[in-house]
Amino acid sequence: MEVFLVSLLNGLVYGMLLFMLASGLTLILSMMGVLNFAHASAYMLGAYFAFTISQYIGFWPALVLAPLLCGTIGAAIEMYGLRRVHRNGHIAELLFTFGLALIIEKVVQMTWGLIPVPYRIPAGLDFPLFTVYGTQFPAYRAFMLLISALMFGAIWLGLTRTRIGLVIQAALHHPEMVGALGHNVPRVFTTVFAAGTALAGLAGVIGGNYHVTEPAMAFTMGPIVFVVVVFGGLGSLTGCFIASLLMGLIQTFAVVLDYSVADLLKWFGFTVTSATPFHEVLTVPLPRIGALLPYVLLVLILVFRPRGLMGTRDT
Amino acid sequence: MSADATQRAPQGRTLSAAPGSAGLARRAWPWLVAIVAALLLPWLFFDWSTHRHSGFALTMLSEIGLMAIFALSFNMQMGQAGLLSFGHAILFGLGGYCAAHTMNAVKAGAMWLPVELVPLVGGLGGLLFGVLFGYVATKQRATAFAMITMGLGELVAACALMFMGFFGGEGGISTDRVIGISLFGVSYSSSWQVYCLVVAWTAIAVLLMRLQTQTPLGRMANATRDNFERAQFVGYDPRMVRFCQFALSGFFAGIGGGLYAIVYEIVTFDTVAAAKSATALLAAYIGGAGGFFGPFLGTIVVVLLQSGVSLLSNAWLLYVGVLFIVMVMYAPGGLVGIIAQHAPIARAGRLRELIVPYVRILLPGAFSVFGFVLLVELASFTTIGAAQGKAFKIGPQAVDPATAFPWLLGAAALIGGGLWLRLEARGFRARWDALMADAKAKGVML
Amino acid sequence: MSNAISLRGVTKSFGRTEIIRGVDLDIPHGQRHAMIGPNGAGKTTLFNLISGRFSLTSGTIELNGRSIDGLAPHEINRLGLSRSFQITSIFPRLTVFENIRCGLLWARGYRYSFWHLLGGQRALNEEADRLIERLNLEDRRNVPAGLLSYAEQRALEVGITVAGGAEIILLDEPTAGMSHSETEYAVALIRAVTEGKTLLIVEHDMSVVFGLADVITVLVYGEVIASDVPARIRGDKAVQEAYLGTEAA
């Protein structure tokens, strides 16, 4: 029970973090058709920016400045890069962001080094908030939940209460129609791209010290975010939200349940030994399979249900 | 149907030249020249005082050979069939693992196989996994296909670290190419002998891939790339076309992997990892995915950067990445595309007039490249290289990267060169447009 | 002998909108059949149903007495039906010659072969060249199809459609956007290349329709309101009201 409750909370924290990343990508992919490989790079940049800024002026300014910086970079990428590549089609855009992701990783390695940087949780939030069944729940995780909940509210308000939000909503479902309505499509795209990148940056700020801030963090996070977006479905932020939480819970629970297929077979009175065919496969513990799960899901969803959980059209 | 005669180009040259011995000879000689050149090239690096080949040069040339097969097989999917894969290395790497296990089995006496045929085993392994993964991946196309291949790539890479039996975990599978069985009585204990084997297999694989483009399947792969719906209405199942193309490209990638196992005598997790897949993508795109030989050219560039530059810094991937982005933004046809764009001007006989404009843009271009490289090297030296206790040098001159001078020099060269380039680019474009207009007027566009 | 194409109670809905509302239609072998109707009548939708591009909501479609329910477009093509598209659909990066040859490959049994070299298939190449000559595209033979003029692309599309020798040909507005002389040429071309075949054609140009068709079917709001020989369609009151009348006015 104790493990369950703690894992549930941790899964929720991780899921909300994923949503902050995935919501921006869903918007970008649904509206612009760009599978943005550099999205997770913005997450990484957010973490590194926050690390550097918090060294000089502290964590709280970093919480604001780092996402803004990421958003600015995102806007620049959209205006001076993507727009130029756009006329060569979606695959060219995809390749462009892929190249960007490569370059950003290298630049990060060159600026901050190959090894993880000591980006730590701010001292003011480094205390146990409450204790469940003897396990402490850190205040910083509650803070992460709070930030992501606030962001969720902000996105929701922005989409339903502002003019540009309504345009974006319309564009989510019928991207080809926005231009016909006489809206300034390039500006909408730039806004969405910048906002998405800023959100990813914010996720980096609060996720970088929760996980590890290292040059590989973009390429480990990238595929997971893709899974969430595809799982949730194109054009559906609700689907994206559900998929994020599910993915957070699945990955968290997979880590704590230390069983393998062999253990399951033991229940049926069948013992796996090193002589059993495929014993290597059968004895892999669940936590390790858990790491594979996102990719298995990605492949299965794309093959059997390309529109995902709540998508309005195929990926 | 149109009566608009002015639009028509002059009588096109007939592409399907009359088959016959003369035509065959004309088509064969570039191949022979290439093979002879490949065999002569290592002698440029031959050390006559010790009578030994340069191991570095041979390894690099072997790498170019096997990576070219890999990049070309990648382009069977991307260039020919319009399928952008982010997991192509799994076919390459799994072929390599199959080859390595086979060599170990031969060495242990469990089976008989000459070394020369080991790449074929790699190819069959690649084909097998190509069938397996292709069945899944080719259910979709375009972006969904790209994501499925990415998922499969990550899966196999993760499995490679998880299952010791087949993949050997982090350490990989070591093997020994001196297995004592050879069709030609060669031991393959020297890298020169191995290089000859690589050249032979590269020639075979490239020739087969070239011929494949001229088969019904190869042509229909182009057709489904261009317009999969139309392909359906001439009787072809686009999915089946994609599947066959994918599986065949797995075969060739596997041959590359088999050669890898022979050259390096170890196959590790790296061969299936995402970075390897990316290398094929970068090489194919930088060289030009549109033409058949583009990826070959791209491979040469990438491997040269990789082995030439990474001796000095760890930044080769950054240079390749920047080159890639520049290509995506300014020259989607790659290097081959850039060369091909000159064809009308050359046909109009005015290529010589571009020499001066080229010198005028290459000069500032070289300046900004120098500035960029200097800055990158300085940065990577300060964060990564300094710890290794090396000194930073520009040419023979040692410079202290802790002072401001080299940084300012780099920045000045980059920015100054860039501004100068912008200025010159205008003149170049005007000249280019004028020459193209002339070519158009002369009717030599196509 | 059964009909080439036979539709029974065919309906098609997109969401709640019913585009095709119970169409019955029989086209015997060898007939040139034109389908006319105002914009949005569902002509192209009907084409897409017959060629398997869309799935039926209800009803049955039979080709040569065989139901095509659940068949993919390429399977329907292999039953001997070939179609063109309203919006030009060719292989833009392949040459004119390659385009036509792609249209021939399956029909000549090459399937997914990667062991035949196309350069050496003399009979196939000659057949493609003969068709290109009939299309009057021989001096554009080695030009990428994407660079052709509009009318040339339309001709090429007809060429790809008939190349495989399908017995049933569906042409969707083959002369749309053509000049008068181009249209005349296109009609002669269509007449020549569909000789002895079953032809179903959607067309807006009435001179083309009345010049080409043996039987005309009028489709209005997803329903067949008349289907008869041209002379009687011309005199049909309902047709004039629903369609020709408004057009003439």
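Predicted model only: the values in this text are computed from it and were never measured. (Residues numbered from 1 in each chain as written. Chains lettered and ligands numbered in written order. Predicted model: local features only at pLDDT ≥ 70, side-chain atom pairs only at ≥ 80, totals over all residues.)

Visitor: What is the right way to look at the interface of chain A and chain B in this model?
Guide: One frequently used descriptor of interface size is the decrease in accessible area upon assembly of the parts. Facing 36 residues of chain A, the contacting portion of chain B comprises 36 residues. Contributions of two or more residues to the side of chain A that touches chain B are made by α3 (59-85), α4 (90-112), α8 (217-232) and α12 (286-304) of chain A. Here the side of chain A that touches chain B takes 13 residues from α4 of chain A, the largest share from any one element. Split into classes, the residues belonging to the side of chain A that touches chain B amount to 25 nonpolar, 7 polar and 4 charged. (Contact = placed C-beta atoms within 7 Å. Helix = DSSP H or I, 4+ residues; strand = E, 2+ residues; numbered from the N terminus. Nonpolar A, V, L, I, M, F, W, Y, C, P; charged D, E, K, R; others polar.)

Visitor: Which parts of the structure should I look at to understand the nonpolar core?
Guide: What tends to happen in soluble globular proteins is that the nonpolar side chains get buried as a cluster. Counting 279 residues, the largest nonpolar core has Val225 and Val228 of chain A as its most contacted members. For this core, the element with the highest residue contribution is helix α10 (residues 238-264) of chain B, accounting for 16 residues. Two domains each donate at least three residues to this core, and these are domain 1 (30-333) and domain 2 (343-442) of chain B. (Core = buried A, V, L, I, M, F, W, Y, C linked by C-beta atoms within 7 Å. Buried ≥ 20, exposed ≤ 12 C-beta atoms within 10 Å, placed from the backbone. Domains from an automatic or database assignment.)

Visitor: Help me understand the pairing of strand β7 (residues 168-172) of chain C, please; the structure alone is not making it clear to me.
Guide: On any regular strand, side chains alternate: one points to one face of the sheet, the next to the other face. Residue and element names in this part refer to chain C. Among the 5 residues that make up β7, 5 are buried, leaving the element largely enclosed by the rest of the structure. Neither face of β7 is left uncovered, since the one carrying Ile168, Leu170 and Asp172 and the one carrying Ile169 and Leu171 both have all their residues buried. Pairing geometry for β7 and strand β8 (residues 198-202), over 5 bridges, is parallel. Along β8, the bridge assignment pairs Leu171 with Ile201. In this fold, β7 hands off to helix α6 (residues 180-193), which returns the chain to β8; that crossover is right-handed. (Pairing = 2+ DSSP bridges. Right-handed = clockwise from strand over helix to strand, strands pointing away.)

Visitor: I would appreciate a short explanation of unusual backbone geometry in the present structure.
Guide: Note on backbone geometry: most residues besides glycine have negative phi, and most peptide bonds are trans. Residue and element names in this part refer to chain B. Backbone geometry places His51, a non-glycine residue, at a positive phi of 55°. Checked against the element boundaries, His51 lands in the loop between α1 (21-40) and α2 (55-81). By the C-beta count within 10 Å, which is 7 here, His51 ends up exposed. The phi angle at Ala142 is positive, at roughly 50°, despite the residue not being glycine. One can find Ala142 in helix α5 (residues 142-162). We classify Ala142 as partly exposed; it has 17 C-beta atoms within 10 Å.

Visitor: Even after reading the chapter, I still don't get the interface of chain C and chain B, so can you show me in this structure?
Guide: Each partner contributes residues to the interface: chain C has 47 residues there, and chain B has 39 residues. Within the residue set of the side of chain C that touches chain B, elements represented by two or more residues are α2 (73-78), β6 (81-83), α3 (96-105), α5 (150-163) and α6 of chain C. Residues of the side of chain C that touches chain B, tallied by class, amount to 22 nonpolar, 16 polar and 9 charged.

Visitor: What is the right way to look at the sheet that holds strand β4 (residues 58-63) of chain C in this model?
Guide: The pairing of strands in a sheet comes from backbone hydrogen bonds and takes either a parallel or an antiparallel form. Residues and elements named next belong to chain C. With respect to topology, 4 strands assemble into an open sheet ordered β2-β1-β4-β5, the strand pairing being antiparallel. Only two strands of the sheet have a single partner each, and these edge strands are β2 (17-27) and β5 (66-67). Strand direction decides the pairing type here: strand β1 (residues 5-14) and β4, joined by 5 bridges, are antiparallel. Residue pairing for β4: Thr11 is matched across the bridge by Ser58.

Visitor: Sorry, what's going on with the confidence of the model for chain C here?
Guide: Low pLDDT marks regions whose predicted coordinates should not be analysed in detail. Of the residues in chain C, 97% have a pLDDT of 70 or more, and the chain-wide mean is 90. Across chain C, α3 of chain C holds the top mean pLDDT of 95, while helix α9 (residues 237-248) of chain C sits lowest at 66. (pLDDT = per-residue confidence, 0-100.)

Visitor: Please explain the UniProt feature "transmembrane region" (unreviewed entry) in chain A as it appears in this structure.
Guide: All names here are of chain A. UniProt annotation of "transmembrane region" (unreviewed entry) refers to residues 12-35, 64-82, 94-119, 139-159, 188-210, 216-234, 241-262 and 282-304 when read in the numbering used here. Secondary structure within residues 216-234 divides into 84% helix and 0% strand; the distance between the first and last C-alpha atoms comes to 27 Å. As annotated, residues 282-304 has a helix share of 87% and a strand share of 0%, and its two end C-alpha atoms lie 26 Å apart. (UniProt positions renumbered as here; feature names shortened; annotations may be inferred.)

Visitor: Hey, could you run me through the packing of helix α4 (residues 118-137) of chain B against α5 of chain B in this one?
Guide: The angle between the axes and the distance between the axes are what describe a pair of packed helices. All names here are of chain B. With their axes 10 Å apart at the nearest point, α4 and α5 run at an angle of 135° to one another. When the axis of α4 is compared with that of α5, the two are oblique. Relative to α5, the crossing made by α4 is right-handed. Of the residues in α5, those touching α4 at Phe133, Val136 and Ala137 are Phe145, Ile148, Thr149 and Leu152. Taken together, the residues of the contact of α4 with α5 break down into 6 nonpolar, 1 polar and no charged. (Axes fitted to C-alpha atoms, helices over the stretch in contact; angles between N-to-C directions. Parallel < 35°, antiparallel > 145°, perpendicular 65-115°, else oblique. Left-handed = near helix turned anticlockwise from the far one by under 90°.)

Visitor: Before we go on, may I ask you to explain the confidence of the model for chain A in this structure?
Guide: Chain-level pLDDT for chain A is 84 on average; 92% of the residues reach the 70-or-more range. Across chain A, the element-wise mean pLDDT spans from 70 in helix α11 (residues 279-282) of chain A up to 94 in helix α2 (residues 39-56) of chain A.

Visitor: Sorry, what's going on with the packing of α3 of chain A against helix α7 (residues 185-208) of chain A here?
Guide: Residues and elements named next belong to chain A. Two elements in contact, α3 and α7, have axes whose closest approach is 7 Å; the angle formed by their N-to-C orientations is 140°. Crossing geometry of α3 relative to α7 is assigned as right-handed. When grouped by side-chain class, the residues that make up the contact of α3 with α7 number 19 nonpolar, 6 polar and 2 charged.

Visitor: I tried to follow the environment of Gly33 of chain A on my own but got confused; where do I start?
Guide: Structurally, Gly33 of chain A is set in the loop between α1 (2-32) and α2. Residue Gly33 of chain A is classed as partly exposed on the basis of its C-beta count, with 15 C-beta atoms lying within 10 Å.

Visitor: How should α5 of chain C be read in this particular structure?
Guide: Residues and elements named next belong to chain C. An ideal rise of 1.5 Å per residue puts 20 Å on 14 residues; α5 measures up with 20 Å between its terminal C-alpha atoms. Counting buried residues along α5, 13 of its 14 residues qualify, which places the element largely inside the surrounding structure. Within two residues after α5, Gly165 carries a phi angle of roughly 80°, on the positive side. (Expected span 1.5 Å × (residues − 1).)

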